[in-house]
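# Observations on chain architecture
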Amino acid sequence: MKAILQTRFIHLKKHWGSLLFWLLFPIIATLTIMGLTNSLQQDSKVPVGIVVEETTPMALDLVDSIKQTPIIRVEQLSEDEALTQLEQHQLDSVFIIREGYEEQIKKGSRNRLIKSYRSDLSFAYSPIAEMVMSYVQQDTGRTKAVLTIQELSEQYANTGGNWTWEEIVDKSKAVEAEENLLQTSFTFLNAQTEEDANRFVLFNPWGVWAIFSILSTFMVMDWIIRERRKSLSPRFFFMRIALKSYLLRNAMLYLLLFIIIDIVTIAVFFKSLGEAVTLVLIFAVLSFRLTVLMGAFLLAIWINKLPVYYGFSFVLTLLIAIISGAILPTEGLISRYPWLQLGNPLAPFLSKEIGYEWNILFVILIAIWFVRKEKRNVKGA
Amino acid sequence: MLKVHNLSKNYGTRKVLRDINFIVNPGEVIGLVGENGAGKSTLLQILATLQKPTNGSLSLYERNFEDKKKLRKQIGFVPQEIALWDEFTVEENMVFFEKLAWTNRTKTQLKQLCLDMKLNRWKDPVKSLSGGMKRKLNIAISLIHDPDLLLLDEPTVGIDLKSRKEIGNYLKRLAKDEGKIIVYTSHDMDEIISLCDRIVCIGEDPFYKNLLEEAGKSIIPV
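Remember, it's a predicted structure, so these values are computed and weren't measured experimentally.

## Let's talk about the overall build of chain A
Looking only at helices and strands, chain A features 16 helices and four strands. In chain A, buried positions account for 24% of the 381 residues. Nonlocal contacts in chain A, meaning residues at least 24 apart in sequence, comprise 74% of its contacts between residues at least 6 apart.

Next up, the structure:
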């Protein structure tokens, strides 16, 4: 392996620029695309100003709830700034959480808890005001529940229940989270419901990375075509390391290099995009890497000309992206032809599973290629 | 010593080589001549263990040709096409193939091998070399593992006379001083006549035979 490392180093000295580019390309492209998408999403959200006059937990919880709403972009400002921006139509509307919000809610008051402003060009005021009011009503509803429970507790003092305001509110939130009515699936006459949990989504950082990673692996593995060119192959018959062994050992080196980059990718995505790092993810990435590398290896030993190889690489990448639903929605097609998903090497990875089928198939194909006798005619080879 | 005994090669029903017999002693340079398609390259490839003969046997220093793996350590093969890394320098090419070769050589030894062939552009990239220089490097790489038998398939095609002479002189020296067996194919009869000790005429055409007899060269009857 030392000889392989030394000879590879001679090659890499000549191509380090392109190698580095293609190794880092999936990370950079994914970060760029995710960044662009996020900024586009931010730009398309309705800008809303929030003025918070008190810093009680209830008021801050309300601000958080509003901020988590996907369709709006919240700017937390002072009242003067907010109104100036509203006048300049930089904001669609402004909501002010008045001093004494929590106190009034706890008293059971429902009047003038929030003050709102709109301009003549506010187009989303009504739905946003409804949404803000629904959050306030959640707080008032919970307060009412707390008061009722505390009254009942006083009436039946000997039952031993002595809950604080916070405990009742926390319990109420926990019950709400457990029994989320919006996510309950209903069935009609036992008809099968569509199970969303098992469907993979391409448009997440790992999905985008996987597509770019397939392309970059194909591009990096083009060395196989350059190095097994016909004029050079006769030399390897008279070497300590035969051509097939040379190619395979070098492919293992590249696998190692890719794995290092993949580990870096996991760390970068964790740091920059907040993607969770789990053992399953690590194994899924390793399995995916093995599949893609072996696929590229087989393609490169099958094709002799670089332009043809590049053509196949782009077509295959595009095909995988299409059947994965990255370019066109393919739900209908997949439900009609389920084998399309079975034939997609990306499917196990996107479902965060460790794929074995493709790896086993590729290992068998590589083994057949390795033991098969070499064509001996040098002139014709 | 290289022994070829009753060697035949057929491609389907077509007989390319028929009952070839010859013996080459250490220090001899043998030429293979014949018209196009007569079977020169086929014979060279059989000698290089890259093709199997249909019939007959071969041995190199009593080692049978069936033992290909061990035999290849003793064979240096110079392909007709220039087999080099164009983007590498002369040094990088030599070092690259040395790393994969059977024998370890130091950089000084590799450089000396090139200098012996009058190839003195150690640090220059191959793409900047002349055709003659490339051919010299092509031969030098095949000599890294110090083979006993050197097979050259038209190694001087398309190069200038000076380079041809330098390569010829080097090969002669290699055979005489180091006792190597050299088998050489070429279409250039002047080159064959000046370089080779004995010549094998392949094919039915008497043209080459007559030419060599006129030049007073020793012909190996096959």
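Still more ground to cover, so stick around.
## As for the domain arrangement of chain A
As assigned here, chain A comprises domain 1 (46-183) and domain 2 (202-371). The gap between the C-alpha centroids of domain 1 of chain A and domain 2 of chain A is 50 Å.

## Some details on the UniProt feature "transmembrane region" (unreviewed entry) in chain A
All names here are of chain A. Under the present numbering, the feature "transmembrane region" (unreviewed entry) in UniProt falls on residues 20-37, 206-225, 246-270, 276-301, 308-334 and 354-371. Helix makes up 100% of residues 20-37 and strand 0%. Its end C-alpha atoms lie 25 Å apart. The span residues 246-270 is 100% helix and 0% strand, and its two end C-alpha atoms sit 36 Å from each other.

## Focus on the sheet that holds strand 2 (residues 72-76) of chain A
All names here are of chain A. Judged by pairing direction, the sheet is mixed, and its four strands sit side by side in the order 2-1-3-4 without closing on themselves. Of all strands in the sheet, those with a lone pairing partner are strand 2 and strand 4 (114-118), marking the two edges. When strand polarity is set aside, the average angle formed by the axes of neighbouring strands in this sheet is 25°. Here strand 1 (residues 46-52) pairs with strand 3 (residues 93-97) via five bridges, running parallel. Bridging from a neighbouring strand, Ile-50 pairs with Phe-95 of strand 3. Across the face of the sheet, helix 3 (residues 79-87) comes into contact with strand 1, strand 3 and strand 4 while running at roughly 155° to strand 1. Seen against the sheet, helix 5 (residues 125-155) touches strand 1, strand 2, strand 3 and strand 4 and runs at an angle of roughly 170° to strand 4.

## Concerning the UniProt feature "domain: ABC transporter" (unreviewed entry) in chain B
The sites that carry the UniProt feature "domain: ABC transporter" (unreviewed entry) are, in the present numbering, residues 2-220 of chain B. Between the end C-alpha atoms of residues 2-220 of chain B there is a gap of 14 Å, over a span that is 36% helix and 25% strand.

## Section: unusual backbone geometry
With a phi angle near 60°, His-89 of chain A is a residue other than glycine that sits in the positive phi range. Assignment of secondary structure puts His-89 of chain A in the loop between helix 3 and strand 3. Overall, His-89 of chain A belongs to the exposed group, with 12 C-beta atoms counted inside 10 Å. Phi angles above zero are rare outside glycine, and Lys-118 of chain B is one such case at about 60°. Following the sequence through the fold, Lys-118 of chain B ends up in the loop between helix 4 (107-116) and helix 5 (131-142).

## Notes on the interface of chain B and chain A
With 22 residues of chain B in contact, the opposing surface of chain A contributes 18 residues. Within the residue set of the side of chain B that touches chain A, elements represented by two or more residues are helix 1 (40-47), strand 6 (75-78) and helix 3 (90-100) of chain B. With six residues, the top contributor of residues to the side of chain B that touches chain A is helix 3 of chain B. Its residues assigned to classes, the side of chain B that touches chain A shows 13 nonpolar, four polar and five charged.

## Let's talk about the pairing of strand 6 of chain B
Residues and elements named next belong to chain B. Because side chains alternate across strand 6, one face comprises the buried residues Ile-75 and Phe-77, and the other comprises Gly-76 and Val-78, equally buried. As judged from the four bridges shared by strand 6 and strand 7 (residues 149-153), these two strands associate in the parallel manner. Across the sheet, Gly-76 pairs through a bridge with Leu-150, a residue of strand 7.

## Observations regarding the sheet that holds strand 8 (residues 181-185) of chain B
The pairing of strands in a sheet comes from backbone hydrogen bonds and takes either a parallel or an antiparallel form. Residue and element names in this part refer to chain B. A sheet is described by the order of its strands in space; here six strands give the open sequence 6-7-8-3-9-10, paired in parallel fashion. Edge strands, defined here as strands with exactly one partner in the open sheet, are strand 6 and strand 10 (218-220). When strand polarity is set aside, the average angle formed by the axes of neighbouring strands in this sheet is 25°. Against the sheet, helix 1 touches strand 3 (29-33), strand 7 and strand 8, its axis set at about 155° to strand 8.

## Quick notes on helix 5 of chain B
Since the α-helix turns once every 3.6 residues, residues separated by three or four places project in the same direction. Residue and element names in this part refer to chain B. The end-to-end C-alpha distance of helix 5 is 17 Å, a good match for the 16 Å that 12 residues give at a rise of 1.5 Å each. Of all 12 residues in helix 5, 11 are buried; the element is thus mostly enclosed. Inspection of helix 5 places Gly-132, Met-133, Lys-134, Arg-135, Lys-136, Leu-137, Asn-138, Ile-139, Ala-140, Ile-141 and Ser-142 among the buried residues, and these make up the whole buried set. Those residues of helix 5 hidden inside the fold are in contact with strand 6, helix 3, helix 4, strand 7 and helix 6 (161-178).

The rules behind these values
Residues numbered from 1 in each chain as written. Chains lettered and ligands numbered in written order. Predicted model: local features only at pLDDT ≥ 70, side-chain atom pairs only at ≥ 80, totals over all residues. Helix = DSSP H or I, 4+ residues; strand = E, 2+ residues; numbered from the N terminus. Buried ≥ 20, exposed ≤ 12 C-beta atoms within 10 Å, placed from the backbone. Contact = placed C-beta atoms within 7 Å. Domains from an automatic or database assignment. UniProt positions renumbered as here; feature names shortened; annotations may be inferred. Pairing = 2+ DSSP bridges. Axes fitted to C-alpha atoms, helices over the stretch in contact; angles between N-to-C directions. Nonpolar A, V, L, I, M, F, W, Y, C, P; charged D, E, K, R; others polar. Expected span 1.5 Å × (residues − 1).

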